[in-house]
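# Geometric and topological summary
Single-letter residue listing:
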Amino acid sequence: SVRAFTAQPVSPELITKLLEAAMQAPSACNQQPWQFIVITDRKTLDALPAIHPHAEMSRQAALAVIVCGDLSLETCKGYWAQDCSAATQNLLLAAHALGLGAVWTGIYPVEERVAAFRKRFGLPDHVIPLCLVPIGHPAEPVEPVSRYKPERIHANGW
């Protein structure tokens, strides 16, 4: 997770690559129930912390993506959050692979955040904002950290 960005913009070509990667995610019944709101407007990015208490880094980010679940696209009911989470993970991995930084900030299931994002971005009732992903060029190099914990692995049962 990267929370500090330089002022360098992210090219439209890179934004497209990020969204292509997100849309390659697996989904239940191949329903692909996602919608993406790409925010590049500086005033909008600067205002995001007012509706999301953990989005202060949006003030530095070149852009942010709101990953949303579209219930009207569901063919396997109830899996939209998993599907959109897979798309978000792809987005984060693509950002890293492209030399960018990003951080997942949750919106759903916190009702106040869902309502605030619905109102601010004019979302219809059948579209639920899952998360906000601020993206940009990292202000500092990010060193990989191993999170591997063998004690959390169980073979053939608990």
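Refer to the structure presented above.
Since the structure is predicted, the reported quantities are computational estimates derived from the model, not experimental observations. (Residues numbered from 1 in each chain as written. Predicted model: local features only at pLDDT ≥ 70, side-chain atom pairs only at ≥ 80, totals over all residues. Heavy atoms only, no water.)

## So, the overall build of the protein chain
When helices and strands are tallied, the protein chain shows 4 helices and 5 strands. Each helix and strand of the protein chain, placed in order from N terminus to C terminus, yields the pattern α-β-α-β-α-β-β-α-β. Over its C-alpha atoms the protein chain spans a radius of gyration of 16 Å, differing by no more than 12% from the 15 Å that the globule rule assigns to 158 residues. Seen through its principal axes, the protein chain has C-alpha atoms that stretch 50 × 40 × 30 Å. The burial tally for the protein chain puts 42% of its 158 residues in the buried class. For the protein chain, restricting intrachain contacts to residue pairs at least 6 apart in sequence, the fraction spanning at least 24 positions comes to 76%. In the form shown here, the protein chain has an accessible surface area of approximately 9,100 Å², with 55% of it arising from carbon and sulfur atoms. If the 13 positive side-chain charges of the protein chain are averaged to one point and the 14 negative ones to another, these points end up 4 Å apart. (Helix = DSSP H or I, 4+ residues; strand = E, 2+ residues; numbered from the N terminus. Rg over C-alpha atoms; globule rule 2.2 N^0.38 Å. Buried < 20%, exposed > 50% of the residue type's maximum accessible area, 1.4 Å probe, protein only. Contact = heavy atoms within 4.5 Å. Areas by Shrake-Rupley, 256 points an atom, 1.4 Å probe, with all protein chains shown as cover. Lys, Arg positive; Asp, Glu negative; His and termini not counted. Charge placed at Lys NZ, Arg CZ, Asp CG, Glu CD.)

## Brief notes about the side chain of Asp-70
Secondary-structure assignment places Asp-70 in strand E2 (residues 63-70). In contact with Asp-70, other than residues within four places in its own chain, are Pro-33, Gln-35, His-126 and Val-127.

## Here we look at the packing of helix H1 (residues 12-22) against helix H3 (residues 80-97)
Packing of H1 against H3 leaves a shortest axis separation of 7 Å and a crossing angle of 140°. Between H1 and H3, the angle is such that the two are oblique. Of the two possible hands of crossing, H1 and H3 adopt the one that is right-handed. For the pair H1 and H3, contact is made by Leu-18, Leu-19, Ala-21 and Ala-22 and by Ala-87, Asn-90, Leu-91, Ala-94 and Ala-95, respectively. (Axes fitted to C-alpha atoms, helices over the stretch in contact; angles between N-to-C directions. Parallel < 35°, antiparallel > 145°, perpendicular 65-115°, else oblique. Left-handed = near helix turned anticlockwise from the far one by under 90°.)

## Quick look at the pairing of strand E5 (residues 127-136)
The buried fraction of E5 amounts to 10 of the 10 residues, a majority that puts the element mostly inside the structure. Examined bridge by bridge, E2 and E5 share 8 bridges and lie antiparallel to one another. Looking at E5, one finds that Val-67 is bridged to Cys-131. Pairing of strand E3 (residues 101-102) with E5 involves 2 bridges; the strand directions are antiparallel. Its bridge partner lying in E5, Ala-102 is registered against Ile-135. (Pairing = 2+ DSSP bridges.)

## Focus: the layout of surface pockets
Space inside the largest pocket adds up to approximately 630 Å³. If you trace the largest pocket, you find 19 residues lining it, with Ser-1, Val-2, His-96, Ala-102 and Val-142 closest to the centre. Elements that contribute at least two residues to the lining of the largest pocket include exactly H3 and E3. Per-element tally for the lining of the largest pocket: the top contributor is H3, with 5 residues. Looking at the lining of the largest pocket residue by residue, the class counts come to 12 nonpolar, 5 polar and 2 charged. (1 Å grid on protein atoms, 1.4 Å probe; cavity = no way out; pocket = protein on both sides within 12 Å on 5 of 7 lines; lining within 4 Å. Points joined across faces, edges and corners; volume = space filled by probe spheres on them. Nonpolar A, V, L, I, M, F, W, Y, C, P; charged D, E, K, R; others polar.)

## Section: the state of the cysteines
Under the definition given, this model contains 1 disulfide. Two residues share a disulfide in this structure: Cys-29 and Cys-76, whose sulfurs sit 1.6 Å from each other. Its S-S torsion of approximately -65° makes the covalent link between Cys-29 and Cys-76 left-handed. Of this pair, Cys-29 sits in the loop between H1 and strand E1 (34-39) while Cys-76 is found in the loop between E2 and H3, placing the two residues 47 residues apart along the sequence. On the basis of relative accessibility, which here comes to 54%, the residue Cys-29 falls in the exposed class. Cysteine Cys-68 shares no disulfide, and the gap to the nearest cysteine sulfur, in Cys-84, comes to 7.8 Å. (Disulfide = S-S within 2.5 Å.)

Worth remembering: the numbers are spatial, not functional.
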